[in-house]
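Spelled out, the chains give:
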Amino acid sequence: MKIAVIGQSLFGQEVYKELRKDGHTIVGVFTIPDKDSKADPLATEAEKDGVPVFKFPRWRVKGQAILEVVDQYKATGAELNVLPFCSQFIPMEVIDHPKHGSIIYHPSLLPRHRGASAINWTLIQGDKKGGFTVFWADDGLDTGPILLQRECDVEPNDTVNTIYKRFLFPEGIKGMVEAVTLITEGKAPKITQPQEGATYECIQKKENAKIDWNQPAKAIHNWIRGNDKVPGAWAEVDGQEVTFFGSTLVDNGTVANGQPLEIPGACQPGIVTKTGLQLFGNDGKMLLVKNLQFKDGKMIPAAQYFLSGSSAAVELSEEEKSFAEQMRGVWKTILTNVSLIEDSTDFFKSGAASMDVVRLVEEVKLRTSSCQLQNEDVYMNTTFQDFIQMCVRKLRGEDGEQELVVDYVEKNINNMVIKMPHQLFINGEFVDAEGGKTYKTINPTDGTDICEVSLAQISDVDKAVTAAKEAFEEGEWGKMNPRDRGRLIYKLAEVMEEHQEELATIEAIDSGAVYTLALKTHVGMSIQTFRYFAGWCDKIQGSTIPINQARPNRNLTFTKKEPIGVCAIVIPWNYPLMMLAWKTAACLAAGNTVVLKPAQVTPLTALKFAELAARAGLPKGVINILPGSGALVGQHLSDHPVVRKLGFTGSTEIGKHIMKSCAVSNVKKVSLELGGKSPLIIFSDCDMDKAVRMGMCSVFFNKGENCIAAGRLFVEETIHDQFVKKVVEKVKKMKIGDPLDRSTDHGPQNHKAHLDKLLEYCQMGVKEGATLICGGKQVQRPGFFFEPTVFADVQDHMYIAKEESFGPIMIVSKFRSGEVDDVLRRANDTEYGLASGVFTRDISKAMYVSERLNAGTVFVNTYNKTDVAAPFGGFKQSGFGKDLGQEALNEYLKTKAVTIEY
């Protein structure tokens, strides 16, 4: 079909390109005249293809068509006029001339919001549904018959820009092309617009975009977002016109701390906070505005309203001067109408548009990877001098980000000064809990207080979730490309490595972990985990799938792996840092944001990790740490409607409760790593010395506070006595003591309640008739020390044969020689299925047993050999889902299938 395209902008350009791809002949392109010597993108594209381009400043004068213009149009011989984003008034002599008439795109669901500011009014009116209409053009009143419509959901914080980019632009292009196809096939409907529901609102201009403060917060929010970024909702503040951008509703009901700002006509003063300007409606509810712009065009973060202005200009080094001159050249190539780029040259007043902003940001990235700009940086530094100063400060790491303030608890210990944060970490800041609530964390080595730690409350959880949601949806993290995300996670691993001795020391005094083990495993494996998942960030991908439906049409189906959003992580006290790393690294690599609750008794390495993450450059809100009780913080995270995934490691009992809460609240995705009673089968043909050494490791590693600890050893009867004898000899030589002493083998149990549980566990074993060979007692010294313990003659029906001790208690049972299937039956006779092990020199027997052990991990002739690349997780009531390895990423991703017919 012969088509005349009448329109402008990138939208018009893309429609033009797609029509040509469909085989239509574009006989002429009619667009607006060049602005500041720059052609419209539609004109540029058509001229490149050799298509005739007409740039009429107007088509009619005083309502009458300009005959010369109409004649030039008619000469093209168009059979159909396609008007994508046409802003000019086209006379009916042109509209009605082609054989098939004219179709035009309108960004609303006509007949609602007829007029030139349709997208604005969709948002201002708070419509739940938006969309676009392709209709048969009329005399400019948007009342012509409807050809097709497409609708979308309008999100609560959508702006003109977000809804346009997400739906109206990409789907609108497809809609225009589909409409032409329908016309070509003779299938295009002409549906008369109903009068019911018809509206016609005024064009939004600066003069009528002033904010009326005597409204509910939601109405004010809708007004601001409906005018963002053009023309911009404004109000008088301190005697000057200030325009508001980046509005979001505050739904947690908490008034933030900050400095009051009087706003004439407002029900109460706004509050300039660290996150923006908090405003109030006449219903007492709140909204938050991120950016402010003054009449001279200068834009600032709303949080900086009361600052005295930018600091004194920095003096450039020779290298920085060279960079500045490169950028002066870039500005010159963009601002072709400006003869000389001076320090005072304003980017936008010189004719730059939004696409030029994107280009400028990319040009900076090409010249220096260490200066990561966002589009907003350009909008807030519009003159060349301000732009260069901003870039140089970013290059130097002095880009105006608020310095991290940490109220440390310092201790001179382990031949070093350790600095421990003790407050909640929310939205990139250490803050007190609501009401200043605190609790004491205890050193298990001597039972003394380490420090007071902030105790998170319900409102703190809401703040953290809001920060995480904002960072995911609107912040730098959500917009960051995967490779840059990987670099940041890798940088975090490097910063952790720089502080590994400090982290290991904190782990030792907070959890009782032996320092050397903490250095190698608690901290060492945590660092390895972040490094490993940093490499996965840019390798997350879907697949293409051949499908057979709807033949003979040609179809393509592909999948996309997408981040889930805000994820909650609840971790236990046995490996405080490592459990954080196992879950958080995969979660971040997938692109999510995190609210993490460490165990109440071991919060300190998690808070230190938060500090290191901030120093590594992770954006605000990406990581939030909330020490507190499981009943309050953990429960609220399970119930929270904004949290879309919860990862938990802990007891089976609590795991079941969490799973129920997650289902009832919003069916959030769950992964659970729960209890274990892992069997270890030792055959008589084993390497005895290795079996004894690894058997002890399987039980006593990390004081037995190990989820995959061998909960029961089955030893073949012909070697049983020899095995037990060797174990007891070695157990009696283990040094119990201060975990910071490098010669210590066995440190204190994590906390007093757990020590008491272990004592009760041993008492139950003795009561049922198991043979207590050694240990079973509390060590008589300050702290929570418990002797490594060995029970023999344990029968299958006994409590200690079935229940997890989670402590340094070896449970040994005999099995008869040759009865492999019987010992497998006994080993699998448990509701747990986390780990297992077998020792034998017979490879056939090892493979037979490993295939039949019903557990997520099977160790053969070794134990506790976990690795960051190998998936880790259990079966049955040991939970589901995986930590570590590629499979862990799936716990924090959602799969979307896309099917295209072509």
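In this report, we go over the structure that sits alongside the text. As the structure is a computational prediction, the values presented were derived from the model and not from experiment.

Section: the overall build of the protein
Then, in step 1: Of regular secondary structure, the protein possesses 27 helices and 38 strands.
Then, in step 2: Referenced to the eigenvectors of the C-alpha coordinate spread, the extents of the protein come out at roughly 110 × 70 × 55 Å.
Then, in step 3: Looking at the protein as a whole, 55% of its 902 residues are labelled buried.
Then, in step 4: For the protein, restricting intrachain contacts to residue pairs at least 6 apart in sequence, the fraction spanning at least 24 positions comes to 69%.
Then, in step 5: In the structure as shown, the protein presents an accessible area of about 38,800 Å², 50% of it carried by carbon and sulfur atoms.
Then, in step 6: Side-chain charges of the protein comprise 103 positive and 114 negative groups, with the mean position of each set lying 3 Å from the other.

Looking at the packing of helix α15 (residues 500-511) against helix α16 (residues 515-534)
Then, in step 1: Following both chains from N to C, one finds α15 and α16 inclined at 120°, their axes separated by 9 Å at the closest point. As the angle between them shows, α15 and α16 are arranged oblique. Considering how the two elements wind past one another, α15 and α16 form a crossing that is right-handed. From α15, Gln500, Glu501, Leu503, Ala504, Thr505, Glu507 and Ala508 reach across to α16, where they touch Tyr515, Ala518, Leu519, His522, Val523 and Ile527.
Then, in step 2: Its residues assigned to classes, the contact of α15 with α16 comprises 8 nonpolar, 3 polar and 2 charged.

Quick word on the sheet that holds strand β32 (residues 771-774)
Then, in step 1: The strand order across the open sheet built from 7 strands is β32-β33-β34-β31-β30-β35-β36, with neighbouring strands paired in mixed fashion. Both edges of this open sheet fall to β32 and β36 (857-860), since each of them pairs with a single strand only. In this sheet, adjacent strand axes meet at a mean angle of 20° when their direction is disregarded.
Then, in step 2: Bridge count between strand β30 (residues 678-682) and strand β35 (residues 835-839): 3 bridges; the pairing is parallel. Residue Leu680 lies in a different strand from β35, and its bridge partner there is Gly837.
Then, in step 3: Where helix α21 (residues 688-700) meets the sheet, it contacts β30, β31 (710-716), β33 (789-792), β34 (809-815) and β35, and its direction lies at approximately 130° from that of β34.
Then, in step 4: Against the sheet, helix α22 (residues 717-731) contacts β30, β31, β32, β33 and β34, and its axis sits at roughly 130° relative to β31.

Describing the pattern of salt bridges
Then, in step 1: Under the criterion given, the structure shown has 44 salt bridges.
Then, in step 2: Between Lys48 and Glu45 there is a salt bridge; the shortest N-O distance is 3.2 Å. Note that Lys48 and Glu45 are positioned in helix α2 (residues 41-49) at a spacing of 3 residues, about one turn of the helix.
Then, in step 3: Given a relative accessible area of 59%, Lys48 falls into the exposed group.
Then, in step 4: Judged by its relative accessible area of 11%, Glu45 is buried.
Then, in step 5: The structure contains a network of salt bridges with shared partners spanning Glu502, Lys608, Glu611 and Arg615.

Section: the sheet that holds strand β9 (residues 146-153)
Then, in step 1: If you trace the 7 strands from one edge of the open sheet to the other, you get β3-β2-β1-β6-β7-β8-β9, paired in mixed fashion. Either end of the sheet is taken by a strand with one partner, and the two such strands are β3 (53-55) and β9. Each adjacent strand pair in this sheet contributes to an overall mean axis angle of 15°, direction not counted.
Then, in step 2: The sheet contact formed by strand β7 (residues 102-106) and strand β8 (residues 129-136) spans 4 bridges and is antiparallel. Along β8, the bridge assignment pairs Ile103 with Trp136.
Then, in step 3: Its contacts with the sheet put α2 on β1 (2-6), β2 (25-31) and β3, and the angle it makes with β3 is roughly 150°.

Overview of the nonpolar core
Then, in step 1: Among the nonpolar cores identified, the biggest contains 110 residues, and Phe530, Ile682, Phe723 and Met810 are the most heavily contacted of them.
Then, in step 2: Counting residues per element, this core draws most heavily on helix α17 (residues 576-589), which supplies 11 residues.
Then, in step 3: Ignoring anything within four residues of it in the chain, the contact list for Met810 reads Gly695, Met696, Val699, Phe700, Leu713, Phe723, Val727, Thr789, Val790 and Phe791.
Then, in step 4: Grouped together as the second largest cluster of nonpolar side chains are 36 residues, Val15, Leu19, Leu42 and Ala46 included.

Looking at α21
Then, in step 1: A rise of 1.5 Å per residue sets the reference length of α21, with its 13 residues, at 18 Å; its end C-alpha atoms lie 18 Å apart and thus fit the reference within 8%.
Then, in step 2: Its buried side turned inward, α21 meets β30, β31, α22, β33, β34 and β35.
Then, in step 3: Positive backbone phi, approximately 55°, marks Asn702, located one or two places after α21.

Brief notes about a nonpolar patch on the surface
Then, in step 1: Residues Leu556, Ile900 and Tyr902 make up a contiguous nonpolar surface patch of about 280 Å² in total accessible area.
Then, in step 2: With respect to the element layout, Ile900 can be found in strand β38 (residues 893-901).
Then, in step 3: A relative accessible area of 34% means that Ile900 is categorised as partly exposed.

Regarding the side chain of Arg826
Then, in step 1: Relative to the helices and strands, Arg826 is located in helix α25 (residues 820-828).
Then, in step 2: For Arg826, a relative accessible area of 14% puts it in the buried group.
Then, in step 3: The residues touching Arg826, leaving out its near neighbours within four places in the chain, are Arg712, Phe714, Asp796, Ser813, Lys814 and Phe815.

Let's talk about the pairing of strand β6 (residues 80-83)
Then, in step 1: Burial along β6 is two-sided: the residues Leu80 and Val82 and Asn81 and Leu83 are all buried.
Then, in step 2: Sheet topology note: the β1/β6 ladder contains 3 bridges and is parallel. Bridge assignment links Ala4 to a residue of β6, and that residue is Asn81.
Then, in step 3: Both β6 and β7 contribute to a ladder of 3 bridges, which runs parallel. Considered in β7, the bridge of Val82 is made with Ile103.

What counts and how
Residues numbered from 1 in each chain as written. Predicted model: local features only at pLDDT ≥ 70, side-chain atom pairs only at ≥ 80, totals over all residues. Heavy atoms only, no water. Helix = DSSP H or I, 4+ residues; strand = E, 2+ residues; numbered from the N terminus. Buried < 20%, exposed > 50% of the residue type's maximum accessible area, 1.4 Å probe, protein only. Contact = heavy atoms within 4.5 Å. Areas by Shrake-Rupley, 256 points an atom, 1.4 Å probe, with all protein chains shown as cover. Lys, Arg positive; Asp, Glu negative; His and termini not counted. Charge placed at Lys NZ, Arg CZ, Asp CG, Glu CD. Axes fitted to C-alpha atoms, helices over the stretch in contact; angles between N-to-C directions. Parallel < 35°, antiparallel > 145°, perpendicular 65-115°, else oblique. Left-handed = near helix turned anticlockwise from the far one by under 90°. Nonpolar A, V, L, I, M, F, W, Y, C, P; charged D, E, K, R; others polar. Pairing = 2+ DSSP bridges. Salt bridge = Lys/Arg side-chain N within 4 Å of Asp/Glu carboxyl O. Core = buried A, V, L, I, M, F, W, Y, C linked by side-chain atoms within 4.5 Å. Expected span 1.5 Å × (residues − 1). Patch = residues over 30% accessible without salt bridge, like charges linked within 9 Å, V, L, I, M, F, W, Y side chains within 5 Å.

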